Amino acid sequence: MEAGPSFRSRELQAKNYLKKHRIMELLNYLTSSLLFFQPNKPREYLVSLLERLRIAKITGVAFPVFMNHSNIVAMFEMMDTSKKGTISFVQYREALNTLGLCTADEVLKDDGHGITLDKFRNEVNRRSKEVWSTF
């Protein structure tokens, strides 16, 4: 059974709404945060995180981030098993995806060079700020 024009129009409206308000990015980021911290009371944790986001938006204070410098370094070091000081582009993309900072259909440019800790940290921080600032 094929969907009629009304259904397709409604589906397109829903997709546009989710994209416009970056709902999927927010949900990915919240889910990643939950999995990272694994709080005993996940609902209360999410409410608290969203409340901190609201306050940050109103007051201009820093947005809540769960990946601080030591977390980023630890994640990078886990991926850099050969201790070369770089990770592959595939590892980089997967890490951003795992953190909810990259969508599956997003196109990232691979310049053919390994990803350094500085580049990884800068990108995680930039994308985190970008995600939070849109909400």
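What counts, and where the lines are drawn
- Residues numbered from 1 in each chain as written.
- Predicted model: local features only at pLDDT ≥ 70, side-chain atom pairs only at ≥ 80, totals over all residues.
- Heavy atoms only, no water.
- Phe/Tyr/Trp six-rings, centres within 6.5 Å; stacked < 30°, edge-to-face > 60°.
- Buried < 20%, exposed > 50% of the residue type's maximum accessible area, 1.4 Å probe, protein only.
- Helix = DSSP H or I, 4+ residues; strand = E, 2+ residues; numbered from the N terminus.
- Lys NZ or Arg CZ within 6 Å of the ring centre and 35° of its normal.
- pLDDT = per-residue confidence, 0-100.
- Expected span 1.5 Å × (residues − 1).
- Arc of directions from axis to C-beta.
- Axes fitted to C-alpha atoms, helices over the stretch in contact; angles between N-to-C directions.
- Parallel < 35°, antiparallel > 145°, perpendicular 65-115°, else oblique.
- Left-handed = near helix turned anticlockwise from the far one by under 90°.
- Contact = heavy atoms within 4.5 Å.

Draft legend 1. Representation of the packing of aromatic side chains. For the structure shown, the criterion picks out four aromatic pairs. Pairing Phe-37 with Tyr-45 gives two aromatic rings, centres 6.0 Å apart and planes at 55 degrees, and the pair type is tilted. Classification of Phe-37 by relative accessible area gives partly exposed; the value is 43%. Taking relative accessible area as the criterion, Tyr-45 reaches 15% and is therefore assigned buried. Each ring, one from Phe-76 and one from Phe-120, has its centre 6.0 Å from the other, and the planes form 40 degrees; the classification is tilted. Linking Phe-76 in helix α4 (residues 69-79) with Phe-120 in helix α6 (residues 117-133), this pair joins segments that are 44 residues apart in sequence. Taken as a pair, Phe-76 and Phe-120 share a single burial class, namely buried. In textbook terms, an aromatic cluster arises when at least three aromatic residues are bridged by ring pairs, as seen for Phe-36, Phe-37 and Tyr-45. When the ring centre of Tyr-92 is taken as origin, the NZ or CZ atom of Lys-119, which lies over that ring, is 5.9 Å away.

Draft legend 2. Highlighting the confidence of the model for the protein chain. For the protein chain, per-residue confidence averages 84 on the pLDDT scale, and residues scoring 70 or more make up 87% of the total. Averaged pLDDT values for the elements of the protein chain fall to 83 in helix α2 (residues 23-37) and rise to 96 in strand β1 (residues 86-87).

Draft legend 3. Broad picture of helix α3 (residues 42-59). With 18 residues, α3 should cover 26 Å at 1.5 Å per step; its first-to-last C-alpha distance of 25 Å lies within 8% of that length. Those residues of α3 that fall on the buried side of the exposure criterion are Tyr-45, Leu-49, Leu-53 and Ala-56. Here the buried residues of α3 occupy an arc of 80 degrees about the axis, which is enough to place them on one side. Summarising the geometry of α3, the exposed residues directed more than 90 degrees from the buried face are Arg-43, Val-47 and Ile-58.

Draft legend 4. Seen up close, unusual backbone geometry. With a phi angle near 50 degrees, Arg-22 is a residue other than glycine that sits in the positive phi range. Tracing the chain through its elements places Arg-22 in the loop between α1 (5-20) and α2. In this model, Lys-83 sits at a positive phi of 60 degrees, which is unusual for a non-glycine residue. On the basis of relative accessibility, which here comes to 62%, the residue Lys-83 falls in the exposed class.

Draft legend 5. α2, seen in detail. Across its 15 residues, α2 extends 21 Å between first and last C-alpha, which sits within 8% of the 21 Å expected from 1.5 Å per residue. Considered for burial, the residues of α2 that qualify are Glu-25, Leu-26, Tyr-29, Leu-30, Ser-32 and Ser-33. All buried residues of α2 project into a common sector of 160 degrees when viewed along the axis, lining one side. Looking one or two residues past α2, Gln-38 carries a phi angle of roughly 45 degrees, positive in sign.

Draft legend 6. Just the packing of α2 against α3, in detail. Orientation of α2 relative to α3, taken along the N-to-C sense of each, is 125 degrees, at an axis distance of 11 Å. Considering the angle they form, α2 stands oblique to α3. The crossing of α2 and α3 is right-handed. Here α2 contributes Leu-26, Leu-30, Ser-33, Leu-34 and Phe-37 to the contact with α3, which in turn contributes Pro-42, Tyr-45, Leu-46, Leu-49 and Leu-50.

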